[in-house]
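The primary structure of each chain is shown beneath.
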Amino acid sequence: DGGITQSPKYLFRKEGQNVTLSCEQNLNHDAMYWYRQDPGQGLRLIYYSQIVNDFQKGDIAEGYSVSREKKESFPLTVTSAQKNPTAFYLCASSIQPGVHLQHFGDGTRLSIL
Amino acid sequence: ILNVEQSPQSLHVQEGDSTNFTCSFPSSNFYALHWYRWETAKSPEALFVMTLNGDEKKKGRISATLNTKEGYSYLYIKGSQPEDSATYLCAFILTGGGNKLTFGTGTQLKVEL
């Protein structure tokens, strides 16, 4: 079945450590997105990519980095510069950005040890 | 960052009741509005995207309307069932906004037997 796969489901990070969250889609979608959810807040956009080898910062990009070397993959690295990384992270994709509805993965919950 | 407001924050209804909730967004430079449904322990599911003033969309017992001049959208659920229990999210895109979705915090619906 086509869909979006995020891994791992749970991730623990030590202080000062970088961690990478995986997002893979087999929907042949051009656009991919990373969101962060904190309690009581809406989904906030971290980074998005409209096409391979291109990505743009979202509203809360500081402390994060991404790459888009393949159409199906959009990994997110949470760097040690992100001072409050504990959150639920969702990856999404759409045929193209804008009016096309987004399809979401199951999410990764990141916690600090 | 421009915000989207959803109301009410939460709602409890009885099985068979019809219900509706509101999404308010900036009316200037409007491009598109998305609705998603997010059940606990699952990934968000796309419902509708609307772009034109007066748009109405329907999917089963769920329908939505759009008023871009005054900046609001209503989501209606007819004859609520327990399986409708979820958080309903809306998100808007502005023209010139780089195709970025801005999400509200959602309306949490609980349908009781």
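All figures in this text were calculated on a predicted structure; none of them were measured in a lab. (Residues numbered from 1 in each chain as written. Chains lettered and ligands numbered in written order. Predicted model: local features only at pLDDT ≥ 70, side-chain atom pairs only at ≥ 80, totals over all residues. Heavy atoms only, no water.)

*Asks:* Explanation requested: the overall build of chain A in the structure shown.
*Replies:* Counting its regular elements, chain A contains zero helices and 11 strands. Counted from the first residue to the last, chain A has its helices and strands arranged as β-β-β-β-β-β-β-β-β-β-β. For 113 residues, the compact-globule estimate of 2.2 N^0.38 gives 13 Å, and chain A sits close to it at 13 Å. With the C-alpha coordinates aligned to their principal axes, the bounding extent of chain A is approximately 35 × 30 × 25 Å. Every one of the 113 residues in chain A was classed for burial, and the buried ones make up 48%. When contacts within chain A are restricted to residue pairs at least 6 apart in sequence, long-range pairs at least 24 apart make up 54% of them. Surface exposure of chain A reaches about 5400 Å², of which carbon and sulfur atoms provide 46%. Positive and negative side-chain charges in chain A, numbering 11 and 11 respectively, have mean positions lying 7 Å apart. (Helix = DSSP H or I, 4+ residues; strand = E, 2+ residues; numbered from the N terminus. Rg over C-alpha atoms; globule rule 2.2 N^0.38 Å. Buried < 20%, exposed > 50% of the residue type's maximum accessible area, 1.4 Å probe, protein only. Contact = heavy atoms within 4.5 Å. Areas by Shrake-Rupley, 256 points an atom, 1.4 Å probe, with all protein chains shown as cover. Lys, Arg positive; Asp, Glu negative; His and termini not counted. Charge placed at Lys NZ, Arg CZ, Asp CG, Glu CD.)

*Asks:* Can you walk me through the sheet that holds strand S7 (residues 64–66) of chain A in this structure?
*Replies:* Sheet strands pair via backbone hydrogen bonds, and the direction of the pair is either parallel or antiparallel. Residues and elements named next belong to chain A. Strand order across the open sheet formed by four strands is S1-S3-S8-S7, with antiparallel pairing between neighbours. Of all strands in the sheet, those bounded by a partner on one side alone are strand S1 (4–7) and S7. Shown here is a sheet whose adjacent strand axes are inclined to one another by a mean of 20°, direction ignored. Sheet topology places S1 next to strand S3 (residues 19–25); four bridges connect them, and they run antiparallel. Bridging across to S3, Ser-7 finds its partner in Ser-22. (Pairing = 2+ DSSP bridges. Axes fitted to C-alpha atoms, helices over the stretch in contact; angles between N-to-C directions.)

*Asks:* Would you explain the sheet that holds strand S3 (residues 19–24) of chain B in this entry?
*Replies:* Residues and elements named next belong to chain B. Taking strand neighbours across the sheet as the criterion, the five strands line up as S1-S3-S8-S7-S6 in an open arrangement whose pairing is antiparallel. The open sheet has two edge strands with one neighbour each: strand S1 (5–7) and strand S6 (56–59). The average angle at which neighbouring strand axes cross in this sheet is 15°, direction not considered.

*Asks:* Teacher, can you tell me more about the packing of aromatic side chains here?
*Replies:* For any pair of aromatic rings, geometry is given as the distance between the ring centres together with the angle between the planes. Counted by the stated rule, this structure contains 14 aromatic pairs over all chains. When the ring of Tyr-35 of chain A is compared with that of Phe-103 of chain B, the centres are 5.3 Å apart and the planes differ by 85°; the resulting orientation is edge-to-face. Placement of the pair is Tyr-35 of chain A in strand S4 (residues 31–37) and Phe-103 of chain B in strand S10 (residues 102–103), with the two residues belonging to separate chains. Each member of the pair, Tyr-35 of chain A as well as Phe-103 of chain B, carries the same accessibility label: buried. Taking 5.3 Å as the distance between ring centres and 45° as the angle between the ring planes, the aromatic pair formed by Phe-21 of chain B and Tyr-88 of chain B counts as tilted. (Phe/Tyr/Trp six-rings, centres within 6.5 Å; stacked < 30°, edge-to-face > 60°.)

*Asks:* What is the right way to look at the interface of chain A and chain B in this model?
*Replies:* Accessible area lost upon the coming together of the parts serves often as the stated size of an interface. Contacts between chain A and chain B engage 23 residues on the former and 23 residues on the latter. Summing the contributions of chain A and of chain B, the shared interface buries around 1800 Å²; its carbon and sulfur component is 64%. Interface area lost by chain A to chain B is led by Val-99, Leu-101 and Phe-104 of chain A, which between them contribute 31%. One can count one salt bridge joining chain A with chain B. Ionic pairing is found between Lys-100 of chain B and Asp-59 of chain A, a salt bridge with its closest N-O pair at 3.6 Å. Summed over the shared surface of chain A and chain B, the result is three residue pairs in polar contact (both at pLDDT 80 or more). Going through the elements one at a time, S4, strand S5 (44–51) and strand S9 (87–94) of chain A are the ones with two or more residues in the side of chain A that touches chain B. The element that contributes the greatest number of residues to the side of chain A that touches chain B is S5 of chain A, accounting for three residues. Across the side of chain A that touches chain B, the residue classes tally to 10 nonpolar, 10 polar and three charged. (Buried area = accessible area lost by both parts, 1.4 Å probe. Salt bridge = Lys/Arg side-chain N within 4 Å of Asp/Glu carboxyl O. Polar contact = N/O pair within 3.5 Å; in protein donor to acceptor, adjacent residues only side chain to side chain. Nonpolar A, V, L, I, M, F, W, Y, C, P; charged D, E, K, R; others polar.)

*Asks:* Where do I start with the state of the cysteines in this structure?
*Replies:* Note on terminology: disulfide describes a covalent bond linking the sulfur atoms of two cysteines. All names here are of chain A. By the definition in use, this model includes two disulfides over all chains. The side chain of Cys-23 participates in a disulfide bridge whose partner is Cys-91; the two sulfur atoms lie 1.8 Å from each other. Taking the sign of the torsion about the S-S bond as the criterion, the disulfide between Cys-23 and Cys-91, at about -75°, is left-handed. Of this pair, Cys-23 sits in strand S3 while Cys-91 sits in strand S9, and the two are 68 residues apart along the sequence. (Disulfide = S-S within 2.5 Å.)

*Asks:* Mind showing me how you'd approach the environment of Val-49 of chain B here?
*Replies:* Within the fold, Val-49 of chain B resides in strand S5 (residues 45–50). Of the residues examined, Val-49 of chain B reaches a relative accessible area of 17% and is grouped as buried. Spatially, the C-alpha atoms of Val-49 of chain B and His-34 of chain B are 4.4 Å apart, while their sequence positions differ by 15 residues. Residues within four places of Val-49 of chain B in sequence aside, it is in contact with Val-99 and Leu-101 of chain A together with Ala-32, Leu-33, His-34 and Lys-57 of chain B.

Honestly, it's all geometry; don't read function into it.
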